[in-house]
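Notes for the structure review
Below, each chain spelled out in residue letters.
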Amino acid sequence: MIGLDTNVIVRYLTRDDEAQWQKAVEIIERSESCFICNVVLCEIVWVLKGKPYKYSQVEILRTIELMLQSPKFEFENKSTIYQAIAHTKQGAANFADYLIGAINYEHKYIHTVTFDRKLKTSKRFKVLD
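Quantities reported herein were computed from a predicted structural model and do not represent experimental measurements. (Residues numbered from 1 in each chain as written. Predicted model: local features only at pLDDT ≥ 70, side-chain atom pairs only at ≥ 80, totals over all residues. Heavy atoms only, no water.)

Concerning a nonpolar patch on the surface
- On the surface, V113, F115 and L128 cluster together into a nonpolar patch covering about 290 Å² of accessible area.
- Mapped onto the secondary structure, L128 falls in the segment after β5 (125–127). (Patch = residues over 30% accessible without salt bridge, like charges linked within 9 Å, V, L, I, M, F, W, Y side chains within 5 Å. Areas by Shrake-Rupley, 256 points an atom, 1.4 Å probe, with all protein chains shown as cover. Salt bridge = Lys/Arg side-chain N within 4 Å of Asp/Glu carboxyl O. Helix = DSSP H or I, 4+ residues; strand = E, 2+ residues; numbered from the N terminus.)

The following block contains the structure:
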């Protein structure tokens, strides 16, 4: 098992640099499994949303769902990531916020305290005024 950094996964997904894409494909295919930590997952979302990629939220979440279903990739906690995806689809905040809330909830914290008003309707967050 190897751990993957954000830039390797972005090359693998976007094929925007042919030489790096080939190397990313080779290492991923040669490895029994590839670990993607939550920080890298959040970075992937951030990178794909921005320039030059400008992927839509729907495209990004669908990509993550496909990666979660692949036996090639391992994650910190798939069920927590699926929860974050579901909340992102329904809510106004971003994936990283909902992943933070899901992780905190998984660890038995009733809610996550934030100043982010986009999370006001989420039961797992307490928004400070």
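A word on the sheet that holds strand β1 (residues 2–3)
- As summarised here, the arrangement of the three strands in space is β1-β2-β3, forming an open sheet in which the pairing is parallel. The sheet terminates laterally at β1 and β3 (73–75), the two strands that pair on one side only.
- As defined by bridge partners, β1 adjoins strand β2 (residues 34–36) across two bridges and the pair is classed as parallel. Paired with G3 across the bridge in β2 is F35. (Pairing = 2+ DSSP bridges.)

Examining the pattern of salt bridges
- Per the counting criterion, the structure on display carries seven salt bridges.
- Between R11 and D16 there is a salt bridge, with its nearest N and O atoms 2.7 Å apart.
- Of the residues examined, D16 reaches a relative accessible area of 40% and is grouped as partly exposed.
- As a salt-bridge pair, E18 and R15 come within 3.1 Å of each other at their nearest N and O atoms.
- Residue classification places E18 among the partly exposed positions, given a relative accessible area of 40%.
- Overall, the relative accessible area of 45% leaves R15 in the partly exposed class.
- Several salt bridges converge on common partners, so that one network encompasses R62, E65 and K89. (Buried < 20%, exposed > 50% of the residue type's maximum accessible area, 1.4 Å probe, protein only.)

As for the side chain of T80
- Mapped onto the elements, T80 comes out in helix α5 (residues 78–90).
- Using a relative accessible area of 2% as the deciding quantity, one classes T80 as buried.
- With residues up to four places along the chain from it excluded, the contact list for T80 reads L99, A102, I103 and E106. (Contact = heavy atoms within 4.5 Å.)

Some words on the nonpolar core
- Grouped together as the largest cluster of nonpolar side chains are 29 residues, with contacts concentrated most on I36, I64, F73, F75, I81 and F95.
- Secondary-structure elements contributing two or more residues to this core are α1 (6–14), β2, α3 (38–49), α4 (57–69), β3, α5, α6 (95–106) and β5.
- Residue contacts for I36: discarding those within four places in its chain leaves I9, L41, I44, M67, F73, E74, F75 and E76. (Core = buried A, V, L, I, M, F, W, Y, C linked by side-chain atoms within 4.5 Å.)

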